[in-house]
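Residue-level structural notes
Listed here are the chains, written in short residue letters.
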Amino acid sequence: MGYHLNFNLIWRHFDKLWGGLVLSLELALVSIAIGIAIGLTLAVIHVSGGRIVRALIGAYVEFIRNVPLILLVYLVFYGLPTAVDISYDATTSFVATLSLYAGAYLVEVFRSGLDAVPRGLIDAGKAIGLTPWQRLVHVRLPTMLRITLPALSNTFISLFKDTSVASVIAVPELTYGAQWINFNTFRIAEVYLVVTSMYLATGYAILLALRALERRFVIGR
Amino acid sequence: MSVLDPSSGTPLLRIRGLEKAYGQVTVLRGVDLDVAKGEVVTVIGPSGGGKTTLLRCVNFLETYDKGSIRIDGEEVGYQDGPRRAMRSERDLARMRAETGMVFQMFNLFPHLTAAENVMLGLVKVRRKPKAEARAIAEHWLRRVGLAEKLDRLPSELSGGQQQRVGIARAVAMDPKILLLDEITSALDPELVGEVLDVVLQLASEGMTMLVVTHEIGFARDVSNRVVFMADGLIAAAGPPRELFGGAIEVERLRAFLSRFGARV
């Protein structure tokens, strides 16, 4: 067991890791933004729509939730362009996949959040003469967002970690950067030690920031 | 000014043969009740007697099965005509804006400040400009003694303060009738007074009110008429002096009142 840790080669290529981390964060941010848009829209349609619409949304949610993310990534990047005439780069493909993935989880989060809005608040909205749409926009959604903020934080942190899957289609995010350094230096233990710390530190920093945000907003409940 | 005889002219609120059941459980078994403009009518009675359901039917937070509720001659919830069809949501919203309601659990919008709670209906339903709505909100919050709390969130207010915001939110809409649903039941005893004072003040200014309460003393002080409900029916009704003075001989009423220490 004469292995000596040597981080010199890692530091020499650290720009790969730093750039990867930035890209990972960008992927997570863009995907959660699109995912929230998808989730909100479908949740609202779900609570006000008919049976067929509900079934379609349910099918989307169950499909995404029951297929491994890595497979979804392959399907969208390799499968879709061979089936239909469409082309996109790996990063675009991954953002689309991760957004659809986040959207499916967030539909459920927002839907149960809407259900959890106290009846009394809806009654109060009715009593002052708000229409159903006004009650949704001014009473149910703002209340729901406060209820779902903790779940939203968890989803975001999961997404940040899930960006590592993008390495399988050569999107140069953090995990891909680690693999690149592996192939070129064979300093496997060192690279993964550094990358693990980077995921850990970033994820924890995000967690602390979001908890602070929750305290600010959930205070109203 | 005090309209003790509801038969004079058309009452503002006219309820006839109101029936309502939740599945197998019948809650209202044919309630008749009139409230004239400017009148304060208090509904008392044992829990489960249908008081709150009656109140919630008046602004159609509950549907009803049979009978009729009219406010200013307009049928609540259902379209006029032989076929019993529900009004459109827009129509329901318009009619609900004509009645104010204050809830047992306050039900303030948690994400809005006291002033914003009052302003929401003014801006979105009454279509008032923000500045005017703010001025009206400030006026009413000052009236209920909360001039210092305009920009506080509900979570930063005591129960009594929250309920006063609830009252301000309802009266700011300038409703034809104010419905009060056990508005002091969720309050600590020492906070009840500040809320009831506001209601007494409104009553003295001629606000029409239908009040469900467990505060017998308050019912005596504020009401033109008191209605005793039990088992989904109005078992006794009359001016508070008659009802509480023993002039009306109803066994259930006597049993109910005795729990509050005989003479109130």
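Residues numbered from 1 in each chain as written. Chains lettered and ligands numbered in written order. Predicted model: local features only at pLDDT ≥ 70, side-chain atom pairs only at ≥ 80, totals over all residues. Heavy atoms only, no water.

- As recorded in an unreviewed UniProt entry, chain B goes by the name Amino acid ABC transporter ATP-binding protein, listed as coming from Alsobacter ponti.
- Per UniProt, chain B carries the Sequence similarities (unreviewed entry) text "Belongs to the ABC transporter superfamily."
- Quoted verbatim from the Subcellular location (unreviewed entry) heading of the UniProt record, the comment on chain B is "Cell membrane". (UniProt positions renumbered as here; feature names shortened; annotations may be inferred.)

- Going by what an unreviewed UniProt entry lists, chain A is known as Amino acid ABC transporter permease and is assigned to Alsobacter ponti.
- Recorded in UniProt under Sequence similarities (unreviewed entry), the annotation for chain A is "Belongs to the binding-protein-dependent transport system permease family. HisMQ subfamily."

**So, the packing of aromatic side chains**
- Throughout the structure, instances matching the rule amount to 10 aromatic pairs over all chains.
- Measuring from ring centre to ring centre gives 5.9 Å for F7 of chain A and W11 of chain A, while their planes differ by 20°; the resulting arrangement is stacked.
- Exposure remark for W11 of chain A: the relative accessible area of 48% places this residue in the partly exposed category.
- With a centroid separation of 5.2 Å and 90° between ring planes, the pair formed by F60 of chain B and Y78 of chain B is classed as edge-to-face. Linking F60 of chain B in the loop between α1 (51-58) and β4 (66-71) with Y78 of chain B in the loop between β5 (74-75) and α2 (89-96), this pair joins segments that are 18 residues apart in sequence.
- These aromatic residues form a ring-pair network of at least three members: F7, W11 and F14 of chain A. (Phe/Tyr/Trp six-rings, centres within 6.5 Å; stacked < 30°, edge-to-face > 60°. Buried < 20%, exposed > 50% of the residue type's maximum accessible area, 1.4 Å probe, protein only. Helix = DSSP H or I, 4+ residues; strand = E, 2+ residues; numbered from the N terminus.)

**As for the UniProt feature "domain: ABC transmembrane type-1" (unreviewed entry) in chain A**
- When the UniProt feature table is mapped onto this chain, "domain: ABC transmembrane type-1" (unreviewed entry) is found at residues 21-204 of chain A.
- Secondary structure content for residues 21-204 of chain A is 84% helix and 0% strand, while the C-alpha to C-alpha distance between its ends is 14 Å.

**Here's the deal with the interface of chain A and chain B**
- Taken together, the contact pairs 22 residues of chain A with 25 residues of chain B.
- At the boundary of chain A with chain B, total buried surface from both sides reaches about 2,000 Å², with 65% on carbon and sulfur atoms.
- On the chain A side of the interface with chain B, the three residues burying the most area are A127, I128 and H138 of chain A, jointly 28% of the side's total.
- Joining chain A to chain B, the criterion identifies one salt bridge.
- One salt bridge connects D123 of chain A with R56 of chain B, and the closest N-O pair in it is separated by 2.9 Å. (Contact = heavy atoms within 4.5 Å. Buried area = accessible area lost by both parts, 1.4 Å probe. Salt bridge = Lys/Arg side-chain N within 4 Å of Asp/Glu carboxyl O.)

**A short note on the sheet that holds strand β9 (residues 225-230) of chain B**
Residues and elements named next belong to chain B.
- Reading across from one edge, β6-β7-β8-β3-β9-β10 is the order of the six strands in this open sheet, with mixed pairing throughout. Looking at which strands have only one partner, the edges of the open sheet turn out to be β6 (99-102) and β10 (233-238). Strand-to-strand twist in this sheet, taken as the mean axis angle between neighbours without regard to direction, amounts to 20°.
- Both strand β3 (residues 40-44) and β9 contribute to a ladder of four bridges, which runs parallel. Each bridged residue has a counterpart across the sheet, and for T42 the counterpart in β9 is V226.
- Sheet strands in contact with helix α9 (residues 251-258) are β3, β9 and β10, and its direction is about 100° off that of β9. (Pairing = 2+ DSSP bridges. Axes fitted to C-alpha atoms, helices over the stretch in contact; angles between N-to-C directions.)

**Focus: the nonpolar core**
- With 53 residues, the main nonpolar core has L13, L18, L54 and L210 of chain B as its most contacted residues.
- Here this core takes six residues from helix α7 (residues 132-162) of chain A, the largest share from any one element.
- Discounting residues that sit within four places of it in the chain, L18 of chain B has contacts with L28, R29, G30, V31, L54, C57, Y64, K66, G67 and I69 of chain B.
- In this structure, F106, L146, I183 and M207 of chain B belong to the second largest nonpolar core, which totals 44 residues. (Core = buried A, V, L, I, M, F, W, Y, C linked by side-chain atoms within 4.5 Å.)

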